Amino acid sequence: MAKKGILTELNEDLVSFFEGEKLVMLSTIDHESKTPNVSAISWVKCLDKSNIRFSVTSNSRTIQNVRENANVVLTIIGLETVYSIHGNASILEEAMKGVSLKLAKINVNIDQVMETMFWGAKITAEPQYEKTYNQKKAEELDREVYEALLK
């Protein structure tokens, strides 16, 4: 289990966590309603201990939400706990070069990392998902996206 407290960057366990393909919850403030908006994302990579990059489709509401309010929270369930990673998002590319689908590249500069699992419990299984479209095309697109995210 991770140590309790607030960090200002990712620790080594969290950096390693982002090496795999993970389900991450992204919280933004909706640009129209000004209320919280939560989206499930999976194209997420750690650039370094202070920056996380993710990709969403270029027509996603997330793009406009980030333009109007850069404060975001990434929530991960893993490493036997739950983490909330707070930061400021910036759109690096509206359409990533070298990716066959029109996807935006967004960077989150981390302000703080908090373990938010309730006291006296631990996560015993990480969320898993299965891609339900053409497996070969999914693998090709994933490779393109992950390479472009880290450039």
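Residues numbered from 1 in each chain as written. Predicted model: local features only at pLDDT ≥ 70, side-chain atom pairs only at ≥ 80, totals over all residues. Heavy atoms only, no water.

(A) Inspection of the side chain of N65 at higher detail. With respect to the helices and strands, N65 occurs in helix 2 (residues 61-68). A polar side-chain atom of N65 sits 3.0 Å from a polar atom in the side chain of T28. Other than its neighbours up to four places away in sequence, N65 contacts T28, I29, D30, H31 and N37. (Helix = DSSP H or I, 4+ residues; strand = E, 2+ residues; numbered from the N terminus. Polar contact = N/O pair within 3.5 Å; in protein donor to acceptor, adjacent residues only side chain to side chain. Contact = heavy atoms within 4.5 Å.)

(B) Fine view of helix 2. Inspection of helix 2 places T62, I63, N65 and V66 among the buried residues, and these make up the whole buried set. Buried positions in helix 2, seen along its axis, are confined to an arc of 165° and lie on one side of it. In this fold, the buried residues of helix 2 make contact with strand 2 (24-29), strand 3 (36-41), strand 5 (51-57), strand 6 (71-78), strand 7 (81-93) and strand 8 (103-115). Its side-chain oxygen at 3.1 Å from the backbone nitrogen of T62, S60 defines the N-terminal cap of helix 2. (Buried < 20%, exposed > 50% of the residue type's maximum accessible area, 1.4 Å probe, protein only. Arc of directions from axis to C-beta.)

(C) View of the pattern of salt bridges. A complete count under the given rule lists 12 salt bridges for this structure. A salt bridge links R61 to D30; its shortest N-O distance comes to 2.8 Å. Taken as a pair, R61 in helix 2 and D30 in the loop between strand 2 and strand 3 lie far apart in primary sequence, 31 residues in all. Classification of D30 as buried rests on a relative accessible area of 6%. (Salt bridge = Lys/Arg side-chain N within 4 Å of Asp/Glu carboxyl O.)

(D) Focus on the packing of aromatic side chains. What the rule picks out here adds up to 1 aromatic pair. A cation over a ring is seen here: K22 above F17, with NZ or CZ 4.6 Å from the ring centre. (Phe/Tyr/Trp six-rings, centres within 6.5 Å; stacked < 30°, edge-to-face > 60°. Lys NZ or Arg CZ within 6 Å of the ring centre and 35° of its normal.)

(E) Up close: the side chain of N51. Position of N51 among the secondary structure elements: in strand 5. Engagement of the side chain of N51 in a polar contact is seen with the side chain of N109, the distance being 3.3 Å.

(F) Layout of the pairing of strand 5. Most of strand 5 sits out of view: 6 of its 7 residues are buried. Relative to strand 5, strand 4 (residues 44-48) is paired through 4 bridges, and the arrangement is antiparallel. Bridge pairing in strand 5 places K45 opposite R53. Pairing of strand 5 with strand 8 involves 7 bridges; the strand directions are antiparallel. Bridge pairing in strand 8 places R53 opposite N107. (Pairing = 2+ DSSP bridges.)

(G) Layout of the pairing of strand 6. Along strand 6, 6 of the 8 residues are buried, which leaves the element largely enclosed by surrounding structure. Pairing of strand 2 with strand 6 involves 4 bridges; the strand directions are antiparallel. From the neighbouring strand, M25 faces strand 6, where its bridge partner is T75. Two elements, strand 6 and strand 7, share 8 bridges in a ladder whose sense is antiparallel. When the sheet's bridge partners are listed, V73 is paired in strand 7 with H86. Linking strand 6 back to strand 7 in an antiparallel pair, the connection comprises 2 residues, with L79 at a positive phi of about 55°.

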